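Next come the chains, spelled out residue by residue.
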Amino acid sequence: MSDLDDLFEAAKAVREKAYAPYSNFLVGAAFRTPDGTIFTGCNVENASYPVSVCAEGGAVSAMIAAGYTRIAEAVVIGDAALCTPCGMCRQRFSEFGTKDLVVHVADLDGIKRSFTMDELLPAAFELKDE
Ligand code: THU
């Protein structure tokens, strides 16, 4: 299997763990760091809706907690819909990726579209001086 197949399978597997009783929309995310370490996350909803965490947010938290800060490639998988990351998650990817970071958007059958961060979030907000 290719690295991208591994990421797709990891995202698909973690999607099954999603806790989404309010939307019934299960999402999984998997990232690869530059050294090949994979982190995953699923959406976790809450009866107080703003408390909910997107799949991408969960994966970012796991990555940071493990001491990594760079995302080299990402897969996000919803179901039939094209599950492009929401605005907050585009900002998260922007913080820990580069403009060339590719985010692959998949459904259960495979990757449907691939976007660079520059496409997803042009003119990104950036506090750092680099
Ligand atoms: N969701 C994600 O986890 N990631 C996305 O990229 C889009 C949407 C979640 C949030 C909410 O739990 C559910 O999908 C419906 O919006």
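In the block above lies the structure referred to throughout.
Here the structure is a predicted model, which is why all the values come from computation and not from measurement.

Peer 1: Even after reading the chapter, I still don't get helix 1 (residues 3-15), so can you show me in this structure?
Peer 2: For an α-helix the count is 3.6 residues per turn, leaving residues at separations of three or four pointing the same way. With 13 residues, helix 1 ought to run about 18 Å at 1.5 Å a step, and its terminal C-alpha atoms sit 18 Å apart, in line with that. Taken residue by residue, helix 1 has Leu7, Phe8, Ala10, Ala11, Val14 and Arg15 as its buried positions. For helix 1, the arc enclosing every buried residue in end-on projection is 165°, short of the 170-degree limit, so these residues lie on one face.

Peer 1: What should I look at first to understand the site of the ligand in this one?
Peer 2: The environment of the ligand is made up of Ser23, Phe25, Val27, Asn43, Glu45, Cys54, Ala55, Glu56, Cys83, Thr84, Pro85 and Cys86. At 2.9 Å, a backbone N or O of Ala55 approaches an oxygen atom of the ligand. In this structure, an oxygen atom belonging to the ligand sits 2.6 Å away from a side-chain N or O atom of Glu56. Compared with its free state, where it exposes 370 Å², the ligand has 76% of that area covered by protein. Spatially, the ligand is embedded in the second largest pocket.

The rules behind each value
- Residues numbered from 1 in each chain as written.
- Predicted model: local features only at pLDDT ≥ 70, side-chain atom pairs only at ≥ 80, totals over all residues.
- Heavy atoms only, no water.
- Helix = DSSP H or I, 4+ residues; strand = E, 2+ residues; numbered from the N terminus.
- Expected span 1.5 Å × (residues − 1).
- Buried < 20%, exposed > 50% of the residue type's maximum accessible area, 1.4 Å probe, protein only.
- Arc of directions from axis to C-beta.
- Near = heavy atom within 4 Å.
- Polar contact = N/O pair within 3.5 Å; in protein donor to acceptor, adjacent residues only side chain to side chain.
- Areas by Shrake-Rupley, 256 points an atom, 1.4 Å probe, with all protein chains shown as cover.
- 1 Å grid on protein atoms, 1.4 Å probe; cavity = no way out; pocket = protein on both sides within 12 Å on 5 of 7 lines; lining within 4 Å.
- Sits in = over half its atoms within 2 Å of the grid points.

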